[in-house]
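# Topology and contacts: notes
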Amino acid sequence: METPLVFNIQKYSIHDGDGIRTTIFFKGCPLRCQWCHNPESQRFEKELILHRHKCTACGMCVKKCPNGANEIADGKLVFHRDRCTACGRCIDWCMTETREIAGKEYTVDELLKEAKKDLPFYEQSGGGVTLSGGEVMAVHDMDFVAELCRRLKREGISVFIDTSGFAPYEHFERVLPYVDAFLYDIKSIDPDEHRADVGVDNTLILANLIRLARDGAKLYLRLPIVEGKNDETEHIVQLMDFLRENHIEPFRINLLPYHDIGKGKYAGLDRPYDEESMRVPPKERMEELKTMFEAHGFHNIKIGG
Amino acid sequence: MANAANQQDTSFNVNTPERLLKDNERGCTERIKRLRRISHATQPHIDMERAKIETEVYKQYEGSVSIPVLRAMVLKEYFSKKTLYLGDDELIVGEKGKDPQCSPTFPELCCHTIEDMHIMNDRKLVNFTVTQEDLELQEKVIIPYWKDRAVREHLLKAMTQEWRDCYEVGMFTEFMEQRGPGHTAGGKNFYIKGYLDYKAEIEEAIQNLDYFNDPDAYDKEQELRAMAIDCDAVCILGQRYHDLALEMAAKCEDPQRKAELEQIAANCAVVPAHKPETYWQALQMYWFTHLGVTLELNPWDAFTPGRLDQHLIPFYEKDIAAGTLDDTRALELLECLWVKLFNSPAPVKVGVTLKESGTYVDFANINSGGLKEDGSDGVNAVSYLILDCMEDMRQNQPNSNVQISKKTPEKFLRRACEIARQGWGQPAFYNTDELIQELLLAGKSIVDARNSGCSGCVETGAWGTEAYILTGYLNIPKCLELALYDGYDPMFKKQIGPHTGKAEDFKSYDELWTAFKTQLEHIIDVKMRGNLVIEKIYAEMMPAPFLSICTDDCIKKGKDYNAGGARYNTSYIQGVGIGTISDCLSAIKYNVFDEKKFTMAELIAAMNDDFKGHEIIHNLVKNKTPKYGNDDDYADSIMQTVFNEYKDYITGRPNIRGGQYHVDMLPTTCHVYFGDVMIASPNGRLAHMPLSEGISPEKGADINGPTAVIKSCSKMDHCSTGGTLLNQKFTPSALAGEEGIANLAALIRSYFAMDGHHVQFNVIDRETLIDAQKRPDEYKELIVRVAGYSDYFRNLDSKLQGEIIERTEQSFGGCGCC
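Everything numeric in this text was worked out from a predicted model, so none of it was measured.

Scanning chain A for helices and strands turns up ten helices and 13 strands. Each principal axis of the C-alpha distribution contributes one length, and for chain A these read about 60 × 45 × 35 Å. Looking at chain A as a whole, 44% of its 305 residues are labelled buried.

Structure below.
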């Protein structure tokens, strides 16, 4: 089976769960959230990111590419993405750090070795490892993920999984014995809105949430708030009703205000970004939502990660 | 997951121009605000009174009394005649010169030329006012007498041509050419004994001298007599302040101030002659001692009140119980000491030393926390007051820091982190458990090791029992420069080291390593040979009997601090540029020998051209090479090899004071000077650019965040040094909220669990610093951490400012966006 790709290993990760953590970002996601700020996380294959503003059209990449994906025309770089196999041969010879390959193979051993490097910090801070994505629960090779979780746990390392919940529940069952907490995203309670913004239905996501809660998983709910998309009071109230009806008691709820820092990455991947329809929610609105949750009896509400 | 992130709360970060303006109004009471304002608003100036009195004493007595006695007579005469200062509002009395911000000169060590006097007056940064009268005195009286007598002249004359060549091209610096041996701190003695008690001990020691069997008995008698004279000297100063305060009280019409003056007089009737009885007197006792140590000679790093919280706590508890002290008063008195330390700028330097350390900071360093001598946790109520004082006063001087042991309560650590997060560089964090290991390894007893601390920047010592003397910085990366050019200095066009072959002919990394090792060992030998001569010159010509009174076991041994009188006698050579050298060797090993991306000849050509026209090689060495600071064993193992070579070649060699040499890894600001004397280096660093500082990675080389930096740094064996220095820069957002504090505390605990020695933080964003560089007037109060000390950003030269801006800024979130 295909080995899952990792597109980033983030040390001193302090916004993805408790303490000081190492977050391993797996590549590939079945969702297409319009506000996604890591577009390089979406596809399951390796791809080349081009930071065009750094390029000086020196032509080194033209010489090094075996597939003719680069050419210089009128003193400018023309990149043929269709010809690029993301082999990475141009990377070392790019003089201006214009090029980056998103996606790298690791063995479980290698990831474990990386994760163990920061063991002293996990121990002092109550941190550990967070598996994120993309969507780590939707990778093709769940054996890999389950084995990684099992071995991390055996090293005494806390394991968190950051997930959209859009994966078969069997995948969750496989890692449940090893996972200390799930950072579980709810993008919208409204099925139509969810389909429109994220590209998939939310039935599976909500069903998985109910089952995880019943199975006793520790849950940190994470709600991205995008003005103009999913911030209507009505839907927030519906979500709170849903949580109560299903006896879902999150350990913490993070309200994550949208930002557009990922915008530039879309250009680097030659993909469109619909910035018109999304806005950063004002601070007051975030506070309002927080108060709303608290008024409905939810505790431990935090704005931000 | 692809989530949106939060907007961080950064309101704690107070380095905005508006907030900085308020710094003029710091202090816990109106009195402190007034005192602090005077201290900060007064222009530092030169004070010739000491030099004048000293010259008179020498003219009258030189040749008719022994050298130690002559030295003591200078201090006694100065304390008998010096102009006294007792300012409005003051509760702790005594100044080094006539008034606040005076810098007395020490012509017996280095005699300023008229040109020096003009430079110090006219310099744009860190200047000292010199009056016409000062100039005339210097020209007519001081220079004619001292120009050939100053230690600096003797010392430079005694050096070999080889030493002078190395010194001139910046292979190393020499600490003792302008300032006396120091780096020391007081122990507990002068909090439990008065100078009359010391004098009785000294007289007893004289009585016990064995003239029949001890060939050194006469020398010891002279040294002890000098110590006794110095006891009188400081008692005279106390008596004069007693008289002055009474006199002023008699004339004072404000009843409150009158009572204060009477209390000051009462205090000075007790200290320094007798042991202090109250918290207030304990602080006054320290201050008189500080004046004695720093006016007898101009020792490096001034002097330090030892483990202040430990020493003060018995007085604090007694006075609180008696109802004669409350926390506000206790804090106010501490803040009075802070003002006194700020009033005392560093002695003015000349020449290369001026270049390497352009600052008013005199490095008095106060440690709080740590352990008690019985091994239990040392944090007490005064420790927290010192943190409050530090936060309140926000001064780069004194250099106030905390010691953290595994027994230190989390509350104390987090309170210290809270202050560190405000972004002005204090407190730095020292690892008590590691300090103790260092000292035990170097042969100290466990009790003396627990009574230890860091003075100056990060230098470990057994306080009150050790003379640990730093002798100068050594430019490690420049040794590689010599190795690549067959011992020839390509910057100064001069053969400096032995012939070790042309780089182009090296067939393997091992051959290169051998050449580097040969150059490094040669330079260390040249430095050390000079050191031993210099130590001897100080031991014979410049004893420090006053400092010897305060340092065990000088009285018992009848020997001077500068001649091996202390219980422990250590010398240090400070290695600079470990990050740069590791990356340089990694760049060659990886690109030339392992991956064969280019040849040595091509690399040398690129270096000769400062990488101009060699962009491909520059890119490879700068961006595509394993670098120290990323928890990558390829580069980190090179760091270990270099460090071990440096340490093993120095450690354990004898000094002339009966002790041994050890190494420190700290630069102060010398990494800027050492970079300035070098051409481009193999790691892509351009000519004249600064080297890496302390044990921090080369700027921009660490790209995997603070945990990776800390892991890399931990691969050095800190316990075998006398101190290492690690700088970390954070953006405010990375430390926001309760969690930010918790994570910072955990980061420190982790580093210390791995035996890291010291870490300090600049918490400030790049934009603010760039803005401060452009508009210095609006950031007058902006303090940043430089090396083992903080300084006003505006006082740094533009190169050092740039260097601080470029230090890698750690700002991490979960997904690279928070």
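All names here are of chain A. For strand β12 (residues 252-257), the buried fraction is high: five of the six residues fall into the buried class. As defined by bridge partners, strand β11 (residues 219-225) adjoins β12 across six bridges and the pair is classed as parallel. Bridge pairing in β12 links R222 to N254. Direction of pairing for β12 relative to strand β13 (residues 301-303): parallel, over a ladder of three bridges. Its bridge partner being in β13, I253 is matched across the sheet by I301.

Another aspect to go through is the sheet that holds β12 of chain A. Strand pairing in a sheet is mediated by backbone hydrogen bonds. Such pairs are either parallel or antiparallel. Residues and elements named next belong to chain A. Here we have nine strands laid out as an open sheet, ordered β7-β1-β2-β8-β9-β10-β11-β12-β13, and mixed in their pairing. Two strands bound the open sheet, and with one partner strand each, they are β7 (104-105) and β13. Taken together, the five bridges between strand β2 (residues 21-26) and strand β8 (residues 128-132) define a ladder with parallel strand orientation. Paired with I24 across the two strands is L131, which belongs to β8.

This part takes up helix α14 (residues 308-322) of chain B. Residue and element names in this part refer to chain B. For α14, spanning 15 residues, the distance from its first C-alpha to its last is 21 Å, which sits close to the expected 21 Å at 1.5 Å a residue. Of all the bends found along α14, the most pronounced is centred on P314 and spans about 30°. Along α14, the positions that sit buried rather than exposed are L308, D309, Q310, H311, L312, F315, Y316 and D319. In the segment just after α14, G323 is the residue with positive phi, at about 75°.

At the junction of the two partners, chain B supplies 35 residues and chain A supplies 45 residues. Of all elements in the fold, only α27 (615-623), α30 (705-714) and α31 (737-753) of chain B reach the threshold of two or more residues within the side of chain B that touches chain A. Take the side of chain B that touches chain A: its biggest share by element is seven residues, from α31 of chain B. Of the residues assigned to the side of chain B that touches chain A, the class counts are 15 nonpolar, 14 polar and six charged.

Turning to the pairing of strand β5 (residues 76-79) of chain A, a few remarks are in order. Residues and elements named next belong to chain A. In this structure, strand β4 (residues 70-73) lies alongside β5, joined through four bridges in antiparallel fashion. Among the inter-strand pairings, N70 is bridged to a residue of β5, identified as F79. In sequence, β4 turns back onto β5 through a hairpin of two residues, with D74 there showing a positive phi of about 55°.

Residue and element names in this part refer to chain A. When cut into domains, chain A gives domain 1 (5-44 + 104-303) and domain 2 (47-102). Between the C-alpha centres of domain 1 and domain 2 the distance comes to 33 Å. Opposite the nine residues of domain 1 that make contact, domain 2 presents seven residues. The element contributing the most residues to the side of domain 1 that touches domain 2 is helix α9 (residues 263-268), with three residues. Of the residues belonging to the side of domain 1 that touches domain 2, the class tally is three nonpolar, one polar and five charged.

All names here are of chain B. Spatial ordering of the open sheet is given by β8-β11-β12, a layout of three strands whose pairing is parallel. Looking at the sheet topology across the chains shown, the edges are occupied by β8 (466-475) and β12 (660-664). For this sheet, the mean inter-axis angle between neighbouring strands, taken without regard to orientation, is 30°. Pairing analysis gives five bridges linking strand β11 (residues 568-576) to β12, with the strands arranged parallel. Its bridge partner lying in β12, I573 is registered against V663. The sheet contacts of helix α21 (residues 476-484) involve β8 and β11, and relative to β8 the element is tilted by about 40°.

The rules behind the values
Residues numbered from 1 in each chain as written. Chains lettered and ligands numbered in written order. Predicted model: local features only at pLDDT ≥ 70, side-chain atom pairs only at ≥ 80, totals over all residues. Helix = DSSP H or I, 4+ residues; strand = E, 2+ residues; numbered from the N terminus. Buried ≥ 20, exposed ≤ 12 C-beta atoms within 10 Å, placed from the backbone. Pairing = 2+ DSSP bridges. Expected span 1.5 Å × (residues − 1). Bend = angle between axes of the 7 residues up to and from the residue. Contact = placed C-beta atoms within 7 Å. Nonpolar A, V, L, I, M, F, W, Y, C, P; charged D, E, K, R; others polar. Domains from an automatic or database assignment. Axes fitted to C-alpha atoms, helices over the stretch in contact; angles between N-to-C directions.

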